[in-house]
Amino acid sequence: MTIKRIDIDPTIMMGRPVIRGTRITVELILRKLAEGTSEGHLLEDYPHLTAEDVRAAVAYGAASVAHEEVVLLPNEPLSSKS
């Protein structure tokens with residue numbers, strides 16, 4: 001699985017997930033992609049990155065969201081007892 005390309009080490013970037021062997025965070029890659037930066041431009045701007053690294057960052061982000069727990073709140077405020 002491509003997520004093996006991601007490291008989490010408390011001594012690197014304060015424990016944020018990074019691409020293995022770099023200080024490039026998964027967050028940075030996802031933000032750049034969300035802003036419309038193409039994979040090609042990312043690879044030009046960050047020569048240490050590979051296409052596999054970018055896919056690993058996206059896969060890591062997807063896996064993180066998949067494990068979130070959503071708690072739905074009621075539409076109406078709860079009545080307070082006076």
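Up top is the structure.
As the structure is a computational prediction, the values presented were derived from the model and not from experiment.

Caption draft 1: Region of the structure containing the side chain of Thr-22. Considering the arrangement of structural elements, one finds Thr-22 in the loop between strand S2 (18–19) and helix H1 (26–34). On the basis of relative accessible area, Thr-22 is assigned to the buried category, the value being 14%. Within polar-contact distance, the side chain of Thr-22 engages the backbone oxygen of Ile-19 at 2.8 Å. At 3.0 Å, the side chain of Thr-22 forms a polar contact with the backbone nitrogen of Ile-24. What Thr-22 contacts, discounting residues up to four positions off in sequence, is Ile-12 and His-48.

Caption draft 2: Just the pattern of salt bridges, in detail. For the structure on display, the rule yields 5 salt bridges. Here Asp-7 ties to Arg-20 by a salt bridge, and the two come within 2.8 Å at their closest N and O atoms. Here Arg-20 lies in the loop between S2 and H1 and Asp-7 lies in strand S1 (residues 6–7), a separation of 13 residues in the sequence. The class of Asp-7 is partly exposed, set by a relative accessible area of 24%. A salt bridge links Arg-31 to Glu-27, with the nearest nitrogen and oxygen atoms 2.8 Å apart. In this pair, Arg-31 and Glu-27 are both assigned in helix H1, 4 residues apart and thus about one turn of the helix distant. For Arg-31, a relative accessible area of 51% translates into the label exposed. Here the salt bridges do not stand alone but share partners, grouping Arg-16, Glu-27 and Arg-31 into one network.

Caption draft 3: View of the nonpolar core. Of all hydrophobic cores here, the largest spans 11 residues; its members are Ile-6, Ile-19, Ile-24, Val-26, Ile-29, Leu-42, Leu-49, Val-54, Ala-56, Ala-57 and Tyr-60. Only H1 and helix H3 (51–66) provide two or more residues apiece to this core. Ranked by the residues each element gives to this core, the list is headed by H3, at 4 residues. Non-local contacts of Leu-42, meaning those with residues more than four positions away in its chain, are made with Ile-29, Lys-32, Leu-33, Thr-37, Leu-49 and Val-54.

Caption draft 4: Just unusual backbone geometry, in detail. Even without being a glycine, Met-13 presents a positive backbone phi close to 50°. Following the sequence through the fold, Met-13 ends up in the loop between S1 and S2. A positive phi angle, close to 60°, is found at Met-14, a residue other than glycine. Position of Met-14 relative to the elements: it lies in the loop between S1 and S2.

Analysis parameters
Residues numbered from 1 in each chain as written. Predicted model: local features only at pLDDT ≥ 70, side-chain atom pairs only at ≥ 80, totals over all residues. Heavy atoms only, no water. Helix = DSSP H or I, 4+ residues; strand = E, 2+ residues; numbered from the N terminus. Buried < 20%, exposed > 50% of the residue type's maximum accessible area, 1.4 Å probe, protein only. Polar contact = N/O pair within 3.5 Å; in protein donor to acceptor, adjacent residues only side chain to side chain. Contact = heavy atoms within 4.5 Å. Salt bridge = Lys/Arg side-chain N within 4 Å of Asp/Glu carboxyl O. Core = buried A, V, L, I, M, F, W, Y, C linked by side-chain atoms within 4.5 Å.

Remember, this is a structural readout, not a statement about activity or role.
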